[in-house]
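Residue-level listing of the chains:
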Amino acid sequence: MKNYIGAIDQGTTSTRSWCLTSRAYRAVVQKEHEQILSKPGWVEHDPLEILRRTEEVIADALEQRGLRASDLAAIGITISGRPPSCGSADRQAGCECDCLQTCGCG
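Visitor: Let's hear about the nonpolar core: which residues, and what values?
Guide: Ranked by size, the top nonpolar core spans nine residues in total: Tyr4, Cys19, Ala27, Val29, Val57, Ala61, Leu62, Leu67 and Leu72. Sorting the residues of this core by element identifies strand S3 (25–32) and helix H1 (47–65) as the ones contributing at least two each. By residue number, the principal contributor to this core is H1, which donates three residues. Residues contacting valine 57, with those up to four places away along its chain left out, are Thr15, Arg16, Ser17, Val29, Gln30 and Lys31.

Visitor: Lay out H1 with the relevant residues and their values.
Guide: The α-helix advances 3.6 residues per turn, and as a result positions three or four apart in sequence lie on the same side. Between its terminal C-alpha atoms H1 stretches 28 Å, which fits the 27 Å expected from 19 residues at 1.5 Å a residue. The complete set of buried residues in H1 reads Glu49, Thr54, Val57, Ala61 and Leu62. Between a side-chain oxygen at the N-terminus of H1 and the backbone nitrogen of leucine 48 the separation is 2.9 Å; the capping residue is aspartate 46. Glycine 66 sits one or two positions beyond H1 and adopts a positive phi of about 65°.

Visitor: Which residues make up the pairing of strand S1 (residues 4–10), and what values go with them?
Guide: Most of S1 sits inside the fold, with six of its seven residues counted as buried. As judged from the six bridges shared by S1 and strand S4 (residues 72–78), these two strands associate in the parallel manner. Bridge pairing in S4 places glycine 6 opposite isoleucine 75. Note: S1 against strand S2 (residues 14–20), six bridges, orientation antiparallel. Residue pairing for S2: alanine 7 is matched across the bridge by tryptophan 18. Counted along the chain from S1 to the antiparallel partner S2, the turn is three residues long.

Scoring rules and cut-offs
The residue numbering used here restarts from 1 in each chain and proceeds along that chain's sequence as written. Only residues with pLDDT of 70 or above have their local features reported here, since the model is predicted, and side-chain atom pairs are shown and tallied only from 80 upward, although totals for entire chains, interfaces and linings are computed over all residues. Neither water nor hydrogens contribute to the side-chain values; these are computed over all heavy atoms in the structure. The nonpolar core is taken to be a set of buried Ala, Val, Leu, Ile, Met, Phe, Trp, Tyr and Cys residues, with the residues joined through side-chain atoms within 4.5 Å. Per-residue accessibility, obtained with a 1.4 Å probe over protein chains only, is compared with the maximum for each type, and a residue is labelled buried under 20%, exposed over 50%, and partly exposed between these values. We count a stretch as a helix when DSSP gives it H or I for four or more residues in a row; a strand needs E for two or more, and each element gets its number in order from the N terminus. Contact criterion: two residues are considered in contact whenever any of their non-hydrogen atoms come within 4.5 Å of each other. Given a helix with a known number of residues, its expected span is that number minus one, times 1.5 Å. In the analysis that follows, any N or O atom pair within 3.5 Å is treated as a polar contact, provided that within protein one partner can donate a hydrogen and the other can accept it, and provided that, for residues neighboring in sequence, both atoms belong to side chains. A pair of strands is treated as paired once DSSP finds two or more bridges between them.

See the structure below:
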């Protein structure tokens, strides 16, 4: 029986990965990614860098525990608990974010 769950959190400034059991975190890895400030109030990211960071943090978390991907029963993914268009440092979607927050969606 597979006893581990993988988790990935994609945040505005970094990507994190965990390997955990029902009782405790067993590995935690975090890697930052570049913040591209192309205009005042805008934050952009290189999607290929995010993909690389995601692959790296998963591999590092598994390695910390001596696990392989086949040891995971499931993987959960989150984007820091908010819709991707509403990054906390990104004002380009300000109106949409205000609307989402008003209706309780963001």
